[in-house]
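# A structural walkthrough
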Amino acid sequence: MPPVIVGQKGPFAGQRIPLGTAPVTFGRKSDSDIVIVSPIASRLHAEIVPEDGGFVLYDRNSSNGTEVNGEEVTRRVLRPNDVIRIGEETFAFELTDAMETLLDLSVKDASALPRAADPDTLRVTVTGGGPVGLAFALLLESAMGPRAAITVYDGRWTRDGAKVVWKTEAQGNVRRQQVVTVQSRQYLNLPEEVQERLFSPEEFSEMWPAGPDSINGFPPRNIRIAEIEDRLLEIANEKQDRIRLVPARFDITQKQRTLTDQHVLAICEGGRSRTREHFSDKFGTADANIYSLNGEHVQDVVLGLKVKSRLPDPMSVLLTVAQNRFLLNSLRGEGFLNMRLTDTEAKEVVGIDPVRQVFEECIASRPCVMARDEYGDFHCSTHSTLFLPALIKGSALWKQVREGLKFFDVPEADLSAVTAFRLDMVQRPRFTSRVFPPTADAPGTYGFLLGDAANAIHFWPGRGLNSGLASAISLARSLKSAWRGNRFRDADFLRHEAAMSVLQYRHKSRAWNAMVTTDDQGVTYAIKDQIARSLQAEAADGAEETREADIDALLQQLQEVGARLAPRMSGLPDEATLRTHLDTLQSGTLRTLRESGPWDTLIVGGEEVDIDIFYQPDPPAPKSPPRDPRNADLPPHATAR
């Protein structure tokens, strides 16, 4: 009978992890199938692999070993009731009742499931169940109904009875709590059911004014990304007759045979997609040159500070747009204050394990979220590290963090977590490709890059999720239009590929212009480098002498921005309020804010990408011209002479 791993001691206690045709990994890495929170566990500690009709446990050269029934092993063919021990956590290998296994469809490989009885059913696999992957699945289900059979994979899910839910932090899944801004051009194109569930009154705010991406007067809406993920997964659970949710990471090497039976592979795994890299020869090599200066690829590291600001939204918006060092995106004051770092500051973004006395880059490279614990430290529960800059008295980075908090009127006690983002951009040559050719037994599989797998957009303009939703809307429309029960052709996706190319050009061009600036001599340089120069100048000669001039310059920037916002936003602060607020900041901070410059809304503004223009209804067929009465008695192809 098919087996399961049952958690006995630790965060997985009582949970049953089914074993199928894919390996199951144990380790401290957040993308492990079973995340071990013990600090003595290795990143990839152990793995259970199906072999010769059984299951074999391998220790993957871990630092502290893997035990089975009290004995350390490097390889072990598992037998019923074996007890696996990693650190302080234990698991049992058990056989399950056949009926229980049959009911748990999440563990069955797609190849074991019966093919759709109706040959006209479109078979779709989605890798990645974040907002873009789930939105695409729901859009396609809404558009095509039973004509589409959709399977979505995500290793950050687990099964809870009949439902699939997000893993908890104890299971190694750190949920994203960032507030994102969704433009009405995107959310009005989602199914009505999705709109109603996403935007319940308490779950969103309208912090930013209406702009070029606002349709029919509907402004952008701010909502936590975790809330979007929760609602979309909740709706998908209710449609499991059409959307099959598989709580497992998609492994192309294990699923290749299954995939050849699918018509569509939608790759929605994010900017580091392994499935996309597997098919790199199909989609082409990404080019970083277009986003480089002096031969060096421009990258930004952004520190995300989870805060509660006491400022009203109009003042927060004004302060954000008037400089390039900080951006506050919040939901009724609660959200993330994002801080653009210099290269020197980025090197300080590390955690320290106080037990092993080693440094970890988990916060910058995973990224992890370090929440404030009962001692006031910022602690990563996955890697047992503390945020080093907050521990060091006099840390240069932490001084700048405190100034950012002051700028947005956030008491230090209301800073509850720290994370980081490492961001860059590349140019992708194509977004659509036939990844498997048609054969006598297979329809030919088309692959599509969606979301961050297609376009990892710099967060500064807030375009990543909007671009991803637009790509999902475009593909769902193309598939609905093109599917006739026959094999697809490249020509079926001309409109989608064109839409993706325009999205890439528009969103990345505006993102690039939010990463760089040009001086009066026409020289282009990274904004982070300008911030670094201002900090160096502060250290060299101080900024007290220019304090009043810096305040006056900042006030002028604020007034110019306010004049542009006033027609679309009420409640903006007056000059006296702004001057009093700026006077609370250190002189060096004032200089940095001034020299970072305001957002160049002229360059990044303008016309937005409207997916609808690629999907206008087909024009009616032309009517036949009236027939010459002299030809009334002749057949249609003949004419009188």
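Residues numbered from 1 in each chain as written. Predicted model: local features only at pLDDT ≥ 70, side-chain atom pairs only at ≥ 80, totals over all residues. Heavy atoms only, no water.

### Brief notes about the overall build of the protein
For the protein, the count of helices and strands is 20 helices and 34 strands. Each of the 641 residues in the protein was classed as buried or not, and the buried ones make up 53%. Accessible surface computed for the protein: about 29,000 Å², of which carbon and sulfur atoms make up 50%. (Helix = DSSP H or I, 4+ residues; strand = E, 2+ residues; numbered from the N terminus. Buried < 20%, exposed > 50% of the residue type's maximum accessible area, 1.4 Å probe, protein only. Areas by Shrake-Rupley, 256 points an atom, 1.4 Å probe, with all protein chains shown as cover.)

### Overview of the sheet that holds strand S7 (residues 66–68)
If you trace the six strands from one edge of the open sheet to the other, you get S2-S1-S11-S10-S7-S8, paired in antiparallel fashion. Of all the strands in the sheet, the pair left with one neighbour each is strand S2 (16–18) and strand S8 (71–73). Averaged over all adjacent pairs, the angle separating strand axes in this sheet is 30°, with direction ignored. Judged from the six bridges that link them, strand S1 (residues 3–9) and strand S11 (residues 89–95) form a sheet pairing that is antiparallel. (Pairing = 2+ DSSP bridges. Axes fitted to C-alpha atoms, helices over the stretch in contact; angles between N-to-C directions.)

### Considering helix H13 (residues 396–407)
Taking 1.5 Å as the rise per residue, H13 with twelve residues should run 16 Å; its terminal C-alpha atoms sit 17 Å apart, in good agreement. The set of residues buried in H13 consists of Leu397, Trp398, Gln400, Val401, Glu403, Gly404, Leu405 and Phe407. Aspartate 409 sits one or two positions beyond H13 and adopts a positive phi of about 55°. (Expected span 1.5 Å × (residues − 1).)

### Description of the environment of glutamate 227
The topology assignment puts glutamate 227 in helix H5 (residues 225–237). Sequence-wise, glutamate 227 and leucine 198 are 29 residues apart; in three dimensions their C-alpha atoms are separated by 7.7 Å.

### Comments concerning the side chain of serine 214
Residue placement: serine 214 occurs in the loop between helix H4 (192–198) and strand S17 (221–224). A polar contact is formed between the side chain of serine 214 and the backbone nitrogen of glycine 211, at a distance of 2.9 Å. The residues touching serine 214, leaving out its near neighbours within four places in the chain, are Gln183, Ser184, Pro219 and Pro220. (Polar contact = N/O pair within 3.5 Å; in protein donor to acceptor, adjacent residues only side chain to side chain. Contact = heavy atoms within 4.5 Å.)

### Here we look at the pairing of strand S6 (residues 54–59)
The buried fraction of S6 amounts to five of the six residues, a majority that puts the element mostly inside the structure. Sheet analysis places strand S5 (residues 46–51) next to S6, joined by six bridges and oriented antiparallel. The partner of glutamate 51 across the bridge, within S6, is glycine 54. Where S5 folds back on S6, the antiparallel hairpin that results is connected by two residues, among which aspartate 52 adopts a positive phi of roughly 50°.

### A word on unusual backbone geometry
Positive phi, close to 55°, is recorded for arginine 332, a residue that is not glycine. Along the polypeptide, arginine 332 turns up in the loop between strand S23 (326–331) and strand S24 (334–340). We note that aspartate 409 has phi near 55°; this positive angle belongs to a residue other than glycine. Along the chain, the position of aspartate 409 falls in the loop between H13 and strand S30 (417–423).

### Some points on the pattern of salt bridges
Enumeration according to the criterion identifies 36 salt bridges in this entry. Aspartate 492 is the partner of arginine 489 in a salt bridge, and the nearest nitrogen-oxygen pair spans 2.9 Å. You can call arginine 489 exposed: its relative accessible area is 52%. Three or more residues are tied together by salt bridges with common partners; here these are Glu141, Glu193, Arg197, Glu227, Arg231, Glu234, Glu238, Lys239 and Arg242. (Salt bridge = Lys/Arg side-chain N within 4 Å of Asp/Glu carboxyl O.)

### Brief notes about the sheet that holds S23
The strand order across the open sheet built from nine strands is S23-S24-S22-S30-S27-S28-S29-S25-S26, with neighbouring strands paired in antiparallel fashion. Each of the sheet's edge strands pairs with one partner strand only, and the pair in question is S23 and strand S26 (358–360). With direction set aside, neighbouring strand axes in the sheet form an average angle of 30°. As judged from the two bridges shared by strand S25 (residues 351–353) and strand S29 (residues 385–387), these two strands associate in the antiparallel manner. Counterpart to isoleucine 352 in the pairing with S29 is leucine 386.

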